[in-house]
Amino acid sequence: MKPEDRPFIPIRPLPAGVDDPGRRRFLHLMAASLALAGAGCSGPPPEHILPYVKMPEGVLPGQPAFYATTLVRQGYGQGVLVESNLGRPTKVEGNPLHPASRGATDVFSQAALLQFWDPDRSQAPWQGGQLASWPEADATLLDWGAALARDGGAGLRILTGTMTSATWLDQWRSLGKRFPGARWHRYDPLHDDGALRAAELAFRRPVDMLLHLERARVVVSLDADFLGQGPAAVAHARDFAATRSDPARPTRLYALEVVPGLPGANADERLGLPPPRLEALVWRLAARLGVDGAESLAPDSGTAAWEEALAAALRAHRGESLLVAGPTLSPPTRALVHVLNQELGNLGRTVDLIAPVEFEPGSHGDSLAALCEDMREGRVDTLLILGGNPVYDAPGGLDFAAALAGVPRTVHAGLYRDETARRCAWHLPLAHDLERWGDARGFDGTVSLVQPLIRPLYGARSPREILAMLGAEERESDYDALRRVVGGRLPGRGENPEAAWQRCLQEGQVAGSASAPLRLPAAARPRPPDFGPRLLTAVFLPDAAVDDGAFANNAWLQELPRPLTKLTWDNAALLAPATARALGLENGDEVELSAAGHRVRAPVWVLPGQAEETVGIPLGYGRRDAGRVGNGVGFDGYRLRSGAGVTAPVGLKPTGGRHDFACTQAGDSMEGRPLARHATAAEAQAGKAGPHRKEPRDSLYPAYSYPDYAWAMAIDLNACIGCGACTIACQAENNIPVVGREEVMKGRQMHWIRVDRYRTEAGAVLFQPVPCMHCENAPCEAVCPVGATVHDSEGLNVQVYNRCIGTRYCSNNCPYKVRRFNFLQYADNDEESLKAGRNPEVTVRRRGVMEKCNYCLQRITRARLAAEKEGRSISDGEVVTACEAVCPTRAIVFGNLNDPASRVNRAKASPLDYALLEELNTRPRTTYRIRITNPDPALGGNGKGGGGGE
């Protein structure tokens, strides 16, 4: 059946049992024009969007349904389930069947929803500085294509990011028949070119690494942020947390870092080193382990104890260890890490090598440099840029904008009319992943299907449709191309092709399509690199919230506190405390950074644990044409890059200027209070880490029973990695507004769950998510003069918005500081697209009322109604809060205390469970499990390792 002939239901809705009141007006509009059908994201020939004539099976009016699709970031796919309320995408959850999500997501997938509804998205084609139409754009592309065909497309260049789409590759090969002289260039500013070169040095061919952290007893991270960055970060976080769940078989993570990241924050032992010293340590370690050809360098007294401890741990855990190298290390040193993994018997156990997931792998830096050279030499007359923004994020040393100015015919297709779009002759709106058909591969090679939930809001088109106009191809819809290319190559399971295809659509992926591990010969021994002099080194890193800058206009992410600095709405030049003292600098001082012939002014932030003689430079800021949210936020670190490398010598000079940061947590000390509790694995095994819970004391509050349900939450600090995904998921689920930089500086952020960051006396980092505690003896309730904050019959502390008069007594009396007050009208009630993206089950609060976490009461109600219809009780696990659902490490458990077998009861029965500020006798329903570390006795056994920084 053709897509235009059937209602648009990519998969059957998951059995959520959800009641949704909807909106009458929106239902009327949807029935008239926007009810989903077929692949309606394509241009001519039209694929019709039709209202339901016969209701699709499993869909009920007013009930949200979940559809399996894929969100693509930096070329790789992450399988998700997207909630649709009468055709409006309103929430993203992880797809439990997809290897890159396993039912969880990260902050970027959650925030993709706000990106989709962003009113600043490009809404029409532009020709130069003038609005244009699609017919004009189509005619121009056809004319250009005809002119290019006369000489075989010798002057045609196409620039994309990382590509893992089979339909794209099929189209590129087809295009090559008409334009044999065309060239395809790839550039992603965060692409790890060093990994490619390291693999070629070690194995004479490119490979990708698949880490199996759950199998490792010892993990050595060599400045590799495997928990926070990359297409496998969510899966890595899940596997890493699994290794910590069994105190009888403790694992140990050693993190050697330049700029502190999530692996270092969650490590049992951590050491901060500048890149030259870190590389030298790896080569001395290899010599200690007996690797032939590893040069023995002059000893370093500051790292000798670490080298001996690492060598001993790796020898003792052959086949159960894992070394992971990050992009700050040179290709020869990363090739040496391949050799070490092979010598230690880790290949095929804790790490597999697969063929590259990216099609036509190569150096993105070299590819972009070759394109710039061709443009400067006049060899390019037509350039098509699909999805990238190289005018902004290309290295400053290449000066892409100047090279682009010499190309007569340029087209940019993207979600926004950004810096590159404004330098091109044409800009075309690109369809979002939630409104197009397509495909991408996951980090392990799994073929993932991109399915639209809604017709393109602004008539945007997919990259495939735009390229088809240039090539004058026969108009095959994106759905038909996907069905032909991907559906025609499904693994055989004895089922008919149509049934197999429908199953793939329902699951959002092609099961069994992951890449098989390679069997490679012994890795070649690389030669040691030139470590160079010890100079002040800039380390370029993606920002934990805005990534490479693609999310700069996303207000949710701009206001998300960064895990370690707790900065919002800004980036900063990160310095080690000792380096800052030597330069006479402190937080907020402005400096001038110089590299690659450019100078940039930046404020300083002193970050404990950072390696001396380094400057951490988060990328993704300093945007000029990002949109109303992202323009003018922070400084542009890309201008300081001379090439695609992540390190470079940098000059630094204080300017005497000052800058004020919007920081949500200035201090990191617990001031002697046991807030985020921790113990060692040895203490836990000896029974010295608990019990921590005490019997409740007497209270002036009368006892109250909850015969039906008693909802509660348990948070495992041992699993929480501090990624902040729970904060964004809660914001998306509960229509929580952003307040802006100025309000954050006044302490008025609105997040219903925050992630506090503390440091122990030894320098170890502890993270603690803090939602409303839902106290049995709630201090907020006793002081409310109008009874706006009360207990319900199931033990939830709820907020009655219509009663609240804004005295804020409840906030003053809350010891956990989890209540949020709408000082101003933070919710945007003017932008229609933003209103369409809100959860219709949750009230949008007005100015002058208090709000807070309610354990996702709407989800509890949804499950209760479904259970009552079936005459049963709510099952354990049937209610999943937004923060629990998103957590990649399963650190949060929610359930019914009246169910003795519930997961939350099992969590609270642990002797390691404790209540925050228990001495206040508030009897919170939310409790915590203490953090357990496994420090190495050879390094002092304090979890810091004697060199973790100040």
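In this convention, every chain numbers its residues from 1, walking through the sequence in written order. Only residues with pLDDT of 70 or above have their local features reported here, since the model is predicted, and side-chain atom pairs are shown and tallied only from 80 upward, although totals for entire chains, interfaces and linings are computed over all residues. Hydrogens are left out, water is left out, and the side-chain values use all remaining heavy atoms of the structure.

A. Summary view of the overall build of the chain. Strands are runs of DSSP state E lasting at least two residues, helices are runs of H or I lasting at least four, and both sets are numbered from the N terminus onward. When you go through the chain residue by residue, the secondary structure sums to 27 helices and 39 strands. Restricting the calculation to C-alpha atoms gives the radius of gyration, and the globule rule supplies 2.2 Å times the number of residues raised to the power 0.38. Relative to its length of 950 residues, the chain is compact, with a C-alpha radius of gyration of 28 Å against a globular reference of 30 Å. Principal axes of the C-alpha set define a box for the chain whose edges measure 90 × 80 × 65 Å. A total of 950 residues make up the chain; the buried ones form 63% of that total. Categorising residues by exposure relies on relative accessible area from a 1.4 Å probe, with only protein chains included: less than 20% of the type maximum marks a residue as buried, more than 50% marks it as exposed, and the intermediate range marks it as partly exposed.

B. Inspection of the environment of G128 at higher detail. Mapped onto the secondary structure, G128 falls in the loop between β4 (126-127) and β5 (130-131). Between the C-alpha atom of G128 and that of T90, which follows or precedes it by 38 residues, the distance is 34 Å. Contacts are residue-level and defined by heavy atoms, with any inter-residue pair within 4.5 Å sufficient. Setting aside residues no more than four positions away along its own chain, G128 makes contact with R417, C424 and A425.

C. A look at helix α3 (residues 134-149). Helix span, as expected, comes to 1.5 Å for every residue beyond the first. Taking 1.5 Å of rise per residue, 16 residues should cover 22 Å, and α3 covers 22 Å from first to last C-alpha, within 8% of that figure. Regarding α3, the residues found buried are W134, A137, D138, T140, L141, W144, G145 and L148. With its buried residues spanning 165° around the axis, α3 presents them on a single face. Every exposed residue of α3 that faces more than 90 degrees away from the buried side is listed here: P135 and D143. Our arc is simply the arc of the directions from the helix axis toward the C-beta atoms.

D. Broad picture of the sheet that holds strand β1 (residues 65-73). Being paired, for any two strands, means DSSP has found at least two bridges between them. Strand order in the open sheet formed by three strands is β1-β2-β3, with antiparallel pairing between adjacent strands. Of all the strands in the sheet, just β1 and β3 (88-94) have a single pairing partner and so form its edges. The sheet shows a mean angle of 40° between the axes of neighbouring strands, taken without regard to direction. Examined bridge by bridge, β1 and strand β2 (residues 76-85) share nine bridges and lie antiparallel to one another. Residue pairing across strands places F66 opposite E83, the latter belonging to β2. Axis lines are fitted through C-alpha atoms, for helices just across the contact stretch, and the angle between N-to-C directions can take any value from 0 to 180 degrees.

E. Spatial organisation of the pattern of salt bridges. Think of a salt bridge as a Lys or Arg side-chain nitrogen and an Asp or Glu carboxyl oxygen that are within 4 Å of each other. Taken as a whole, this structure holds 55 salt bridges when the rule is applied. In this structure, the salt-bridge partner of R862 is E83, at a minimum N-O distance of 3.9 Å. On the criterion of sequence distance, the pair formed by R862 in helix α25 (residues 857-869) and E83 in strand β2 is long-range, its members being 779 residues apart. For R862, a relative accessible area of 9% gives the class buried. Residues D381 and R409 are paired through a salt bridge, measuring 3.3 Å at the closest nitrogen-oxygen approach. Of the two residues, D381 sits in the loop between α11 (364-376) and β14 (382-386) while R409 sits in strand β15 (residues 409-414), which places them 28 residues apart along the sequence.

F. Just the side chain of Q858, in detail. By the secondary structure assignment, Q858 is in helix α25. Any pair of N or O atoms that falls within 3.5 Å is considered a polar contact. Within protein, one atom must be able to donate a hydrogen and the other to accept it, and sequence-neighbouring residues count only if both atoms are side-chain atoms. Only 2.7 Å separates the side chain of Q858 from the side chain of E733, close enough to count as a polar contact. Discounting chain neighbours no more than four positions away, the residues touching Q858 are E733, N734, N839, E841 and V842.

G. Examining the nonpolar core more closely. By size, the foremost hydrophobic cluster in this structure holds 155 residues, and its most contacted members are V220, L222, L256, L323, L557 and W711. Not counting chain neighbours up to four residues away, the residues in contact with L323 comprise M209, V220, L222, L285, L314, V337, L340, N341, L344 and N346. Think of a nonpolar core as a cluster: buried Ala, Val, Leu, Ile, Met, Phe, Trp, Tyr and Cys residues, connected wherever their side-chain atoms sit within 4.5 Å. If you look at the next biggest cluster of nonpolar residues, it comprises 28 residues, including A132, W134, M163 and L386.

H. The arrangement of the side chain of T933 in detail. Structurally, the position occupied by T933 is in strand β39 (residues 931-933). Contact partners of T933, with chain neighbours within four places excluded, come to D268, A679, T680 and A681.

I. Focus on the packing of α3 against helix α14 (residues 463-470). Taken N-terminus to C-terminus, the directions of α3 and α14 make an angle of 55°; their axes are 7 Å apart at the nearest point. If you check the angle between α3 and α14, you find them oblique. Between α3, through D138, L141, L142, W144, G145 and L148, and α14, the contact on the second element is made entirely by I466, M469 and L470. By the convention adopted, Pro, Cys, Tyr, Trp, Phe, Met, Ile, Leu, Val and Ala count as nonpolar, Lys, Arg, Asp and Glu as charged, and the other residues, Gly among them, as polar. A breakdown of the residues in the contact of α3 with α14 according to their chemical character gives seven nonpolar, one polar and one charged. Note on angle classes: values under 35 degrees are labelled roughly parallel, values over 145 roughly antiparallel, values of 65 to 115 roughly perpendicular, and the remainder oblique.

J. Structural view of the sheet that holds strand β11 (residues 269-272). What the four strands build is an open sheet, ordered β11-β10-β9-β12; its pairing is parallel. Strands at the two margins of the open sheet, each flanked by one partner only, are β11 and β12 (321-325). Put simply, the sheet's adjacent strands are angled 10° from each other on average, direction ignored. Relative to strand β10 (residues 252-257), strand β9 (residues 218-222) runs parallel, the two sharing five bridges. Bridging from a neighbouring strand, V220 pairs with Y254 of β10.

K. Summary view of the pairing of β12. Most of β12 sits out of view: five of its five residues are buried. Covered by surrounding structure in β12 are S321, L323 and A325 together with L322 and V324, the residues of both alternating faces. Pairing analysis gives five bridges linking β9 to β12, with the strands arranged parallel. Paired with V219 across the bridge in β12 is L322.

L. Molecular detail of the packing of aromatic side chains. In this analysis, rings of Phe, Tyr and Trp, with Trp reduced to its six-membered ring, are considered paired at centre separations within 6.5 Å, and the interplanar angle assigns stacked below 30 degrees, edge-to-face beyond 60, and tilted for intermediate values. Following the criterion strictly, the structure yields 15 aromatic pairs and no others. Ring geometry for F821 versus F823: centroids 4.9 Å apart, planes at 90°, classification edge-to-face. Put simply, the rings of Y709, W711, Y855 and F894 pair up and form one aromatic cluster. Seen from the ring of F823, R748 lies directly overhead, with NZ or CZ sitting 3.9 Å from the centre. Sitting above the plane of the Y706 ring, R925 keeps its charged end 4.9 Å from the centroid. Ring-over charges, as used throughout, are those where CZ of Arg or NZ of Lys falls within 6 Å of the ring centre and within 35 degrees of the ring normal.

M. Examining helix α5 (residues 193-203) more closely. Among the residues making up α5, those that are buried are D193, G194, L196, A198, A199, A202 and F203. On its buried face, α5 is in contact with α10 (331-343), β13 (351-354) and α11. One or two residues past the end of α5 sits R204, with phi positive at roughly 65°.

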